[in-house]
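Single-letter residue listing:
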Amino acid sequence: MASRVVMPKLTDTMEEGVVLKWKRAEGDKVSAGDVLAEIETDKAVMDLEAFASGVLRKLLVKEGETVPSGALIAVIGEPDEDIGDAMSETASAATPETGGAKATPKPAAAVETKSVAAKEPPTKKDATKAEPVKETEIGERGEIKVSPRAKALARERGIDLSTVKASGPGGRIVEQDVLAAKPAITERPRAATEKPLSQMRKAIARTTTSSKAPVPHFYVTSDIDMGEAVRFRQQYKQARTEHPSVTDLILKAVALALRKHPEINVSYAGDVLRQHGRIDLGMAVGLDDGLITPVIRDCEGKSLGQIVTETKRLAERARKRQLAPEEYTGSTFSVSNLGMYDVDSFIAVLTPPEAAALAVGSIREEPVVSGSRVRLGRRMRVTLSCDHRALDGLQAAVFLKEVKRILEHPLELVLEK
């Protein structure tokens, strides 16, 4: 009595399998338990065993072909038996209880071979013969034939299938080919190390935590035309021994703007706003293991030249770690400039009890539209960080507009009003 051999369905998610290699040829005698073929699914390579004894009358799938689970792939019968009914009968999906299969190299799984005598009514999903489904990848060498398992394994191992030598039927890449291939070279991760925090880093951690977490920040950004400021700086440099840095120009502009808008030079203090009587500007200086902010005192009364001298002295002392506590505490407003590091823009975290701080980006050369013509301009983006408990957006915008106006008319930096 003829028996049907179908593609097994090993799991609920399995939809198809590949006949990697037939272990028996048409006309061979087989016994129940003999290995008929090597089958590859998306999760394993297994040996498909015969469920009945007889002669392997018909192989319906070529090596390397992919067929749906439950599709008829072979028929076993007697030498002179009519296998027409077995060939035309609808295939059904296999279940673990109806047959056996041995995984290679994984544990045994079950497949189905079904006797013609135990006929079931056909359904719409049944098929008398499975149409081959080709698994391919597109690579450097064109269309690549690859089994589902080999494809998944290559993805897991980071292997380029176009570099794998195929040994399967019809030039197909199978699991063994991927196992033999060398994975992509990856850098071996280095062991993690721990470095104790410096006292400066500990202080920064305490300060930023006490600021960023409880203080409601908001930010206002402006783009400033720095063409005139750059020319002014060059002229100032030629006329004096000590010339201002971009940071010096910004510090002076901020001091003038704060003098005009003292409502920005405040601190939130619970039920009151503390209005500072002096403009003490912090200037962020980066060190190897952190950041320190020396303070230029009484900037409302200092000339640009005095600010230039003071910032140079404090920056040198900061880098040598010679600052006294009174030289880096008590600022009422801070300026942080990362423009020299080609930073376009960033935001600053407020240092309590300041209500505002200015973050300065690099001066960029870019096209600028002036009336009906386009010229090459120099632009600088600045962002004002504010404590929303003390300041509102309109106040911040008006103040930032004044800083912008002064820097775009830099003669005001030396012409005291």
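Up top you'll find the structure we're talking about.
The model shown is predicted, which means the values in this text are computed figures rather than measured ones.

On to the overall build of the protein chain. Looking only at helices and strands, one finds eight helices and 22 strands in the protein chain. Every one of the 417 residues in the protein chain was classed for burial, and the buried ones make up 45%. Intrachain contacts of the protein chain at a sequence separation of at least 6 include 62% that bridge at least 24 residues. Accessible surface, the protein chain as shown: approximately 22,300 Å² in total, 52% of it carbon and sulfur.

This paragraph deals with the sheet that holds strand E16 (residues 281-283). If you trace the six strands from one edge of the open sheet to the other, you get E13-E22-E21-E20-E16-E19, paired in mixed fashion. Single-partner strands in this sheet number two, and they are strand E13 (217-225) and strand E19 (295-296). Two elements, E13 and strand E22 (residues 373-387), share nine bridges in a ladder whose sense is antiparallel. What sits directly across from Asp225, in E22, is Arg379. Together, E13, strand E20 (333-337), strand E21 (356-370) and E22 form the strand contacts of helix H8 (residues 393-408), whose direction differs from that of E13 by roughly 25°.

What follows concerns a nonpolar patch on the surface. There is a patch of nonpolar side chains on the surface, built from Leu338, Met340 and Tyr341 and spanning about 340 Å² of accessible area. Structurally, Leu338 can be placed in the loop between E20 and E21. By relative accessible area, which is 30% here, Leu338 ends up partly exposed.

What follows is about the pattern of salt bridges. A full pass over the atoms with the stated rule returns 23 salt bridges. Across the pair Arg278 and Asp298 runs a salt bridge whose closest N-O atoms are separated by 3.4 Å. Here the residue Arg278 occupies a position in the loop between strand E15 (272-275) and E16, and Asp298 occupies one in the loop between E19 and helix H7 (304-319), the gap between them amounting to 20 residues. Look at Arg278 and you get partly exposed, because its relative accessible area is 40%. Between Arg313 and Glu310 there is a salt bridge, with the nearest N and O atoms lying 3.1 Å from each other. On the criterion of helical spacing, the pair formed by Arg313 and Glu310 is a turn pair, its members being three residues apart in helix H7. Overall, the relative accessible area of 36% leaves Arg313 in the partly exposed class.

Bringing the side chain of Asp248 into the picture now. Residue position: Asp248 is located in helix H6 (residues 246-260). Here the side chain of Asp248 touches Thr311 through a polar contact of 2.7 Å, side chain to side chain. Leave out the neighbours within four places in its chain, and Asp248 touches His243, Leu304, Ile307, Val308 and Thr311.

This part covers the nonpolar core. Residues Val254, Phe333 and Leu358 are the most contacted members of the largest nonpolar core, which totals 54 residues. If we skip the residues at most four places from it in the chain, Phe333 touches Val254, Leu258, Ile264, Asp280, Leu281, Gly282, Glu354, Ala356, Ala357, Leu358, Leu384 and Phe399. Within the second largest apolar cluster, 19 residues are counted, among which are Val30, Val67, Ala71 and Ile76.

Our focus in this paragraph is the packing of H6 against H8. Each pair of packed helices can be described by the angle between their axes along with the distance between the axes. Put simply, H6 and H8 touch, their axes get as near as 9 Å, and they point 130° apart. The orientation of H6 relative to H8 falls into the category oblique. In the packing of H6 onto H8, the handedness of the crossing is right-handed. Residue-level inspection shows Leu249, Ile250, Ala253, Val254, Leu256, Ala257, Leu258 and Lys260 of H6 in contact with H8, the latter providing Phe399, Glu402, Val403, Ile406 and Leu407. For the contact of H6 with H8, the per-class residue count stands at eleven nonpolar, no polar and two charged.

A few words now on the environment of Arg240. Inspection of the secondary structure assignment puts Arg240 in the loop between helix H5 (227-239) and H6. Taking the C-alpha atoms as reference points, Arg240 and Gly305, 65 residues apart in sequence, are found 9.3 Å from one another.

The omega angle of the peptide bond from Pro352 to Pro353 is 10°, so this bond is cis rather than trans. Examined against the element boundaries, Pro353 turns out to sit in the loop between E20 and E21. If you check the backbone angles, Asp298 has positive phi at about 50° while not being a glycine. Its relative accessible area of 29% is what places Asp298 among the partly exposed residues. In this model, Asp342 sits at a positive phi of 60°, which is unusual for a non-glycine residue. Mapped onto the elements, Asp342 comes out in the loop between E20 and E21.

So, on to H8. With 16 residues, H8 extends 22 Å from end C-alpha to end C-alpha; this agrees with the ideal 22 Å at 1.5 Å per step. Along H8, the residues that are buried comprise Ala396, Phe399, Leu400, Glu402, Val403, Ile406 and Leu407. Summarising the axial view, the buried residues of H8 lie within an arc of 150°, below the 170-degree limit, and thus occupy one face. Projecting away from the buried face of H8 at angles above 90 degrees are the exposed residues Leu394 and Lys401.

Rules used in this analysis
- Residues numbered from 1 in each chain as written.
- Predicted model: local features only at pLDDT ≥ 70, side-chain atom pairs only at ≥ 80, totals over all residues.
- Heavy atoms only, no water.
- Helix = DSSP H or I, 4+ residues; strand = E, 2+ residues; numbered from the N terminus.
- Buried < 20%, exposed > 50% of the residue type's maximum accessible area, 1.4 Å probe, protein only.
- Contact = heavy atoms within 4.5 Å.
- Areas by Shrake-Rupley, 256 points an atom, 1.4 Å probe, with all protein chains shown as cover.
- Pairing = 2+ DSSP bridges.
- Axes fitted to C-alpha atoms, helices over the stretch in contact; angles between N-to-C directions.
- Patch = residues over 30% accessible without salt bridge, like charges linked within 9 Å, V, L, I, M, F, W, Y side chains within 5 Å.
- Salt bridge = Lys/Arg side-chain N within 4 Å of Asp/Glu carboxyl O.
- Polar contact = N/O pair within 3.5 Å; in protein donor to acceptor, adjacent residues only side chain to side chain.
- Core = buried A, V, L, I, M, F, W, Y, C linked by side-chain atoms within 4.5 Å.
- Parallel < 35°, antiparallel > 145°, perpendicular 65-115°, else oblique.
- Left-handed = near helix turned anticlockwise from the far one by under 90°.
- Nonpolar A, V, L, I, M, F, W, Y, C, P; charged D, E, K, R; others polar.
- Expected span 1.5 Å × (residues − 1).
- Arc of directions from axis to C-beta.

Nothing here speaks to function; it is all geometry.
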